[in-house]
Amino acid sequence: MGTRFVCHDSLSSIKYIEFLAPDTIEFVGDKSKMKNLKCINFFAARMKNLPKDLTGFENLESLIITKSVTLKTFPNSICELNKLRFLRFAWGLNLESIPECIGELTNLEYLDLARNNISHLPKSISNLKKLKTLILWDNPIPDSELTEIKKLLPNTTIYFKTLPY
């Protein structure tokens, strides 16, 4: 069953929204009215695609997508969230790749891609100069690529054999 979330003036002070096990989500209304929204959490979503219009939340700093086994692609629209500092796209088991545009998230400090099916990260990841934590645990990334990622991100703590949580 789909979920419609109406962006309204009365919600202008909301900072956090969590959606539990939605099939689909549609944001309706003027998202700019929710200028205080800092975090959206999609937990155990049964969606095949993320909502198309996440980019309207221009002050979003955290996007959490966990245990969403039906999401198989990382939407390029996430790369348009310029203020994003925390991104968790983890525990879905089906995500196979990260788009080259990931390097556009220059404010990103924390990236959790644990427990997916990612075998390669784009070179643009080296543009993430503020990245402090990268979690790649339980992905089929070859050791040679992990070595290269460490060179590209020398100031980043990378977890690929353990978890920090």
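Residues numbered from 1 in each chain as written. Predicted model: local features only at pLDDT ≥ 70, side-chain atom pairs only at ≥ 80, totals over all residues. Heavy atoms only, no water.

Draft legend 1. Fine view of the environment of W137. If you trace the backbone, W137 turns up in the loop between β8 (133-135) and α1 (143-152). On a C-alpha basis, the gap between W137 and N116 in space is 8.4 Å, while along the polypeptide they are 21 residues apart. Ignoring any residue separated from it by four or fewer positions in sequence, one finds W137 in contact with W91, A114, R115, Y159, F160, K161, T162 and L163. (Helix = DSSP H or I, 4+ residues; strand = E, 2+ residues; numbered from the N terminus. Contact = heavy atoms within 4.5 Å.)

Draft legend 2. Examining the pattern of salt bridges more closely. Per the counting criterion, the structure on display carries 8 salt bridges. One salt bridge connects K33 with D9, and the closest N-O pair in it is separated by 3.6 Å. Taken together, the residues span a long stretch of sequence, with K33 in the loop between β3 (24-29) and β4 (39-43) and D9 in the loop between β1 (2-7) and β2 (16-20) at a distance of 24 residues. Close ionic contact of K38 with E61 constitutes a salt bridge, the shortest N to O distance being 3.9 Å. Taken as a pair, K38 in the loop between β3 and β4 and E61 in the loop between β4 and β5 (62-66) lie far apart in primary sequence, 23 residues in all. Of the residues examined, E61 reaches a relative accessible area of 24% and is grouped as partly exposed. Sharing partners across several salt bridges, the network here consists of K38, E61, R85, E109 and K132. (Salt bridge = Lys/Arg side-chain N within 4 Å of Asp/Glu carboxyl O. Buried < 20%, exposed > 50% of the residue type's maximum accessible area, 1.4 Å probe, protein only.)

Draft legend 3. A look at the packing of aromatic side chains. Counted according to the given criterion, the structure contains 8 aromatic pairs. Judged by centre distance (4.9 Å) and plane angle (80°), the ring pair of F27 and F57 falls under edge-to-face. Note that F27 is positioned in strand β3 and F57 in the loop between β4 and β5, a separation of 30 residues in sequence. Exposure remark for F27: the relative accessible area of 4% places this residue in the buried category. Note on F86 and Y110: the rings are 4.4 Å apart at their centroids and 5° apart in plane angle, and the pair reads as stacked. Within this pair, whereas F86 is found in strand β6 (residues 86-90), its partner Y110 is found in strand β7 (residues 110-112), the two being separated by 24 residues in sequence. Y110 gets classed as buried once you look at its relative accessible area, which sits at 15%. (Phe/Tyr/Trp six-rings, centres within 6.5 Å; stacked < 30°, edge-to-face > 60°.)

Draft legend 4. Representation of the state of the cysteines. Across all of its chains, the model carries 1 disulfide by this definition. Each disulfide pairs two cysteine sulfurs, and for C79 the partner residue is C101, the sulfurs being separated by 2.1 Å. Handedness of the C79-C101 disulfide follows from its S-S torsion of about 65°: it is right-handed. Of this pair, C79 sits in the loop between β5 and β6 while C101 is found in the loop between β6 and β7, placing the two residues 22 residues apart along the sequence. C7 supplies the cysteine sulfur nearest to C39, a cysteine that is in no disulfide, at a spacing of 15 Å. (Disulfide = S-S within 2.5 Å.)

Draft legend 5. Inspection of the sheet that holds strand β9 (residues 157-159) at higher detail. What the 7 strands build is an open sheet, ordered β2-β4-β5-β6-β7-β8-β9; its pairing is parallel. If you trace the sheet from one side to the other, it starts and ends with β2 and β9, each paired once. When the angles between neighbouring strand axes are averaged without regard to direction, this sheet yields 5°. As paired strands, β4 and β5 are joined by 5 bridges and run parallel to one another. Across the sheet, residue F42 finds its bridge partner in β5, namely I65. (Pairing = 2+ DSSP bridges. Axes fitted to C-alpha atoms, helices over the stretch in contact; angles between N-to-C directions.)

Draft legend 6. Region of the structure containing the pairing of β6. Along β6, 4 of the 5 residues are buried, which leaves the element largely enclosed by surrounding structure. Judged from the 5 bridges that link them, β5 and β6 form a sheet pairing that is parallel. Following the sheet pairing, I64 is matched in β6 by R88. Relative to β7, β6 runs parallel, the two being bridged by 3 bridges. Bridging from a neighbouring strand, R88 pairs with D112 of β7.

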